[in-house]
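Secondary and tertiary structure notes
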Amino acid sequence: MPPAWRWFSISQEGIGAVAVGPWTAFPDIGTPEADPYSKARVARDGMLALGRAEGLSFVADRDSSGVTLRSECSYRVEGSLPVARFWTFYATDKAQMTLKSGMRRDPSMHSFEILRQPDNSIEIAVGARPEPGNWLPVSGAGEMNLVLTLYDTPVASSTGLSGIEMPRIVRVQCNA
């Protein structure tokens, strides 16, 4: 295993990261301007990086109070989203593999199927137990990430990240 400092430099909090509340994005990751650490992160994770004109992925590994997200807990993701033509939302384990729902229900959601609040904000329940309204089912135990990818969004431009508002992640209960 490589020394811990090498792994940290390409971790979620690494060089090139932009944090908005509990959400972290790497806006240069799919561009020619990407730093060497972002390029290493893409190679390590085997991900397909989006270019600026395509979109931007935000990942949260902690809730809005700073506590690590766990798949055996339930959460409420609430608030406004940045403008985007389309977005997807799903949960992953620490290896960035999509968490299974544990039932015959898709373990992800997207902007065309979401129920919005009267003020156009969102409220999504995340957890193992069914919830009315928007519900993202997750199963298992252990640390998890929430991934929100915005497609065709002005946020992906170099000036778009200043002053954006991202949804809060509130822990509802935990069975850990």
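Below is a short write-up of the structure. (Residues numbered from 1 in each chain as written. Predicted model: local features only at pLDDT ≥ 70, side-chain atom pairs only at ≥ 80, totals over all residues. Heavy atoms only, no water.)

On to unusual backbone geometry. For Q96, which is not glycine, the phi dihedral falls at a positive 65°. Checked against the element boundaries, Q96 lands in the loop between β5 (86-93) and β6 (108-110). Positive phi, normally seen in glycine, also occurs at N120, with a value near 75°. Mapping N120 onto the fold places it in the loop between β6 and β7 (122-127). For N120, a relative accessible area of 49% gives the class partly exposed. (Helix = DSSP H or I, 4+ residues; strand = E, 2+ residues; numbered from the N terminus. Buried < 20%, exposed > 50% of the residue type's maximum accessible area, 1.4 Å probe, protein only.)

What follows deals with the packing of aromatic side chains. The tally for this structure, following the rule as stated, stands at two aromatic pairs. Here F86 and F112 contribute two aromatic rings whose centre-to-centre distance is 5.0 Å and whose plane-to-plane angle is 65°, an arrangement assigned as edge-to-face. With F86 in strand β5 and F112 in the loop between β6 and β7, this residue pair connects regions lying 26 residues apart in the sequence. Note on F86: relative accessible area 24%, which makes it partly exposed. Its relative accessible area of 64% is what places F112 among the exposed residues. (Phe/Tyr/Trp six-rings, centres within 6.5 Å; stacked < 30°, edge-to-face > 60°.)

Take the sheet that holds β7 next. With respect to topology, four strands assemble into an open sheet ordered β8-β7-β4-β10, the strand pairing being mixed. If you trace the sheet from one side to the other, it starts and ends with β8 (134-137) and β10 (168-174), each paired once. Strand-to-strand, the axes of this sheet are offset by a mean angle of 20°, without reference to chain direction. Sheet analysis places β7 next to β8, joined by four bridges and oriented parallel. What sits directly across from V126, in β8, is L136. (Pairing = 2+ DSSP bridges. Axes fitted to C-alpha atoms, helices over the stretch in contact; angles between N-to-C directions.)

With that out of the way, let us pick up the state of the cysteines. Taken as a whole and assessed by the stated rule, the structure comprises one disulfide. Two residues share a disulfide in this structure: C73 and C174, whose sulfurs sit 1.9 Å from each other. Residue C73 is found in strand β4 (residues 73-79), and its partner C174 is found in strand β10; the two are separated by 101 residues along the sequence. The exposure class assigned to C174 is partly exposed, which follows from its relative accessible area of 24%. (Disulfide = S-S within 2.5 Å.)

Before going further, it helps to spend a moment on the pairing of β5. On a regular strand, each side chain points to the face opposite its neighbour's, so the side chains alternate between the two faces of the sheet. The pairing of β5 with strand β9 (residues 144-151) spans eight bridges and is antiparallel. Each residue of the ladder has a partner; that of D93, found in β9, is M144. Note: β5 against β6, three bridges, orientation antiparallel. Each residue of the ladder has a partner; that of F89, found in β6, is M109.

So, on to the pattern of salt bridges. Under the defined criterion, the tally for this structure stands at six salt bridges. Its salt-bridge partner being D61, residue K94 comes within 3.8 Å of it at the nearest N-O pair. Within this pair, whereas K94 is found in the loop between β5 and β6, its partner D61 is found in the loop between β3 (55-60) and β4, the two being separated by 33 residues in sequence. On the basis of relative accessible area, D61 is assigned to the buried category, the value being 14%. E78 is paired through a salt bridge with R168; the nearest N and O atoms lie 3.6 Å apart. (Salt bridge = Lys/Arg side-chain N within 4 Å of Asp/Glu carboxyl O.)

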